Amino acid sequence: MDKRAPMSTMLRRILPFIILALFILAAMVLMATKEAPEQKAEEANLPIIEVAEVKQETLSLNLPSYGVVMPRHKTQLVAEVQGRLTSVSPNFVAGGVVKAGDQLAVIEPSDYQADLMQAEASLAQATAALNEEIARGEVAKTEFKGYDKGVPPELGLRIPQLKKEQANVKYAEAALARAKRNLERTVIRAPFDGIVKARGVDLGQYVTLGTKLGELYDTSVAEIRLPLANADLAYLESVDNPDTEVTLTASLAGREVVWTGDIVRSEGVIDEGNRMVYLVAEIPDPYLRKHKTQGQLPLKYGTFVNAIIKGRTEDGIVRLDRHLVREGKVPVVRSDNTLELRDVNVVRSDLNYAYIKGSLKTGERVSLTNTGTLSTGQMVKIRGEETPDSTRDSEAPADERLAQAGDK
């Protein structure tokens with residue numbers, strides 16, 4: 001029997017263990033001789049935001065509003081006498097500009113001229129009768145001069161007859177004055193400087209008492225009713241006497257035009273429909289009839305305007321874009337670059353801005369970036385500003401080089 005057979009069988013059995021031991025030994029050698037990887041500081045993934053420094057200011061808490069430009073005075077021209085229209089002025093048309101006293105139309109005056117002549121004749125007749133009665137009274141006084149039975153009777157002295165003739169003269173004078181007025185009323189005149197809104201009659205038309213001839217708008221002063229919420233009245237200098245400035249803007253002829261006026265009164269009641277209080281602003285000479293500069297545009301009636309009413313002046317106000325204030329909080333970045341969601345006192349806000357008092361100091365930084373997912377105390381990085389850690393890392397090699405140079 002061959003002795004090598006058991007030996008080869010044993011070798012085949014232990015060979016895998018020998019190979020495994022060699023691999024383990026090689027692995028231990030590699031692990032003992034490998035170099036440790038370079039250790040790098042783990043950089044924190046900080047949110048990057050933009051900031052702006054705030055500044056306390058002295059501001060007027062202005063109030064926005066809107067309205068439609070209307071005339072302070074407007075009137076319906078009506079016929080005060082009747083007759084046929086014999087003349088109509090070329091300016092008596094819609095849009096026509098007229099001055100106070102301008103003739104707009106004429107009603108046929110012949111009947112009223114005849115009435116005037118008749119009234120003059122009646123007055124002359126009554127005056128003659130009065131003079132005659134005065135003369136008779138003088139004669140009666142002479143006749144009763146030697147009357148020895150006491151005081152002469154009034155009838156004998158013709159005193160009642162004299163009073164009657166005096167009354168007839170007054171009646172005739174009143175009729176003459178009426179006839180003159182009616183004759184004057186045949187000429188329709190503009191009661192003030194204005195613009196014709198509409199005309200309701202035409203040449204040759206017969207008009208009666210009360211017929212509407214047209215509508216006239218005064219051009220000396222324009223008015224605008226400006227609605228405000230009742231709470232906004234607190235931002236005026238005076239609630240009872242809101243005498244303040246107002247700036248009006250409108251788009252005319254393709255450009256933004258600005259006018260300046262004054263708040264002259266409050267209507268003093270709350271509108272039942274919209275629960276608003278109306279202030280009334282006045283703009284003098286809206287059609288620029290008294291003074292006009294080159295390129296200036298008139299403020300036409302019917303124009304829709306936006307208004308900014310000057311409110312009371314407050315000190316220590318910080319003005320921020322309205323979207324930066326969320327639920328009464330403003331994201332403030334502290335000096336150590338940590339975030340603070342600070343409660344602020346918003347005294348007023350409009351469509352664009354929020355006005356804050358007593359909550360922010362001059363020089364403090366607020367975030368312009370949306371911080372909706374961040375919380376108070378969280379570290380942030382300012383855009384364009386290096387973090388303190390990175391600054392130290394960049395400066396370390398230089399410090400070491402200086403130390404080495406000193407050792408040498």
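Keep in mind that this is a model prediction, so the values were computed, not measured.

1. Things to note about the overall build of the protein
Then comes step 1: A tally of regular secondary structure across the protein gives four helices and 24 strands.
Then comes step 2: Relative to all contacts within the protein whose residues are 6 or more apart in sequence, the contacts with residues 24 or more apart total 74%.
Then comes step 3: Approximately 26,700 Å² of the protein is accessible, and the part contributed by carbon and sulfur atoms is 53%.

2. A short note on the sheet that holds strand 4 (residues 63-71)
Then comes step 1: Strand order in the closed barrel formed by six strands is 4-13-16-15-14-17, with antiparallel pairing between adjacent strands. Between one strand axis and the next, the sheet turns by 40° as a mean value, whatever way the strands run.
Then comes step 2: Direction of pairing for strand 15 (residues 255-270) relative to strand 16 (residues 276-284): antiparallel, over a ladder of five bridges. The residue of strand 16 that forms the bridge with Ile 270 is Val 277.

3. Some details on the pattern of salt bridges
Then comes step 1: All chains considered together, the criterion is met by 14 salt bridges.
Then comes step 2: Of the charged contacts, one joins Glu 340 and Arg 342 as a salt bridge, the two residues approaching to 3.1 Å between their closest N and O atoms. Across this residue pair, the class does not change: Glu 340 and Arg 342 are buried.
Then comes step 3: Among the charged side chains, a network of salt bridges with common partners joins Arg 334, Glu 340, Arg 342 and Glu 364.

4. Notes on the nonpolar core
A general tendency of soluble globular proteins is for nonpolar side chains to be buried together.
Then comes step 1: Ranked by internal contacts, the top residues of the largest apolar core, which has 32 residues, are Leu 226, Val 246, Leu 248 and Ile 309.
Then comes step 2: For this core, the elements supplying multiple residues, two or more each, are strand 4, strand 13 (221-229), strand 14 (245-252), strand 15, strand 16 and strand 17 (304-309).
Then comes step 3: Not counting residues up to four positions away in its chain, the partners in contact with Leu 226 are Ser 65, Tyr 66, Gly 67, Val 246, Ile 263, Val 277, Tyr 278, Leu 279, Ala 281, Ala 307 and Ile 309.
Then comes step 4: If you look at the next biggest cluster of nonpolar residues, it comprises 18 residues, including Ala 79, Val 98, Ala 190 and Val 207.

5. Re the side chain of Thr 303
Then comes step 1: Checked against the element boundaries, Thr 303 lands in the loop between strand 16 and strand 17.
Then comes step 2: Accessibility expressed as a relative area gives 11% for Thr 303, which makes it buried.
Then comes step 3: There is a polar contact of 2.7 Å between the side chain of Thr 303 and the backbone oxygen of Lys 300.

6. A word on a nonpolar patch on the surface
Then comes step 1: Side chains of Met 10, Ile 14, Leu 15, Phe 17, Ile 18, Ile 19, Leu 22 and Phe 23 sit close together on the surface and give an oily, nonpolar patch of about 830 Å² of accessible area.
Then comes step 2: Judged by relative accessible area, Leu 22 falls into the exposed class, the value being 53%.

7. Focus: helix 3 (residues 159-184)
Structurally, the α-helix is built with 3.6 residues per turn, so residues lying three or four positions apart point the same way.
Then comes step 1: Between its terminal C-alpha atoms helix 3 stretches 38 Å, which fits the 38 Å expected from 26 residues at 1.5 Å a residue.
Then comes step 2: Three or more residues of helix 3 are buried, namely Glu 165, Val 169, Ala 172, Leu 176, Ala 179 and Asn 182.

8. Some words on the pairing of strand 18 (residues 313-321)
Both faces of the sheet carry side chains from a regular strand, because those side chains alternate between them.
Then comes step 1: In terms of strand pairing, strand 3 (residues 57-60) meets strand 18 through three bridges, oriented antiparallel. Counted as the bridge partner of Glu 57 is Ile 317 from strand 18.
Then comes step 2: Relative to strand 22 (residues 353-357), strand 18 is paired through five bridges, and the arrangement is antiparallel. Each bridged residue has a counterpart across the sheet, and for Ile 317 the counterpart in strand 22 is Lys 357.

9. Considering the packing of aromatic side chains
For any two aromatic rings, the description comes down to two numbers: the centre-to-centre distance and the angle of the planes.
Then comes step 1: Per the stated rule, a full pass over the model turns up three aromatic pairs.
Then comes step 2: Ring geometry for Tyr 217 versus Tyr 301: centroids 5.8 Å apart, planes at 75°, classification edge-to-face. With a gap of 84 residues between them, Tyr 217 in strand 12 (residues 212-218) and Tyr 301 in the loop between strand 16 and strand 17 connect regions that are remote in the sequence. Each member of the pair, Tyr 217 as well as Tyr 301, carries the same accessibility label: buried.
Then comes step 3: Counting every residue linked through ring pairs, the aromatic cluster contains Tyr 217, Tyr 287 and Tyr 301.
Then comes step 4: The positively charged end of Arg 225 is found above the aromatic ring belonging to Tyr 278, 4.0 Å away from the centroid.

Parameters and conventions
Residues numbered from 1 in each chain as written. Predicted model: local features only at pLDDT ≥ 70, side-chain atom pairs only at ≥ 80, totals over all residues. Heavy atoms only, no water. Helix = DSSP H or I, 4+ residues; strand = E, 2+ residues; numbered from the N terminus. Contact = heavy atoms within 4.5 Å. Areas by Shrake-Rupley, 256 points an atom, 1.4 Å probe, with all protein chains shown as cover. Pairing = 2+ DSSP bridges. Axes fitted to C-alpha atoms, helices over the stretch in contact; angles between N-to-C directions. Salt bridge = Lys/Arg side-chain N within 4 Å of Asp/Glu carboxyl O. Buried < 20%, exposed > 50% of the residue type's maximum accessible area, 1.4 Å probe, protein only. Core = buried A, V, L, I, M, F, W, Y, C linked by side-chain atoms within 4.5 Å. Polar contact = N/O pair within 3.5 Å; in protein donor to acceptor, adjacent residues only side chain to side chain. Patch = residues over 30% accessible without salt bridge, like charges linked within 9 Å, V, L, I, M, F, W, Y side chains within 5 Å. Expected span 1.5 Å × (residues − 1). Phe/Tyr/Trp six-rings, centres within 6.5 Å; stacked < 30°, edge-to-face > 60°. Lys NZ or Arg CZ within 6 Å of the ring centre and 35° of its normal.

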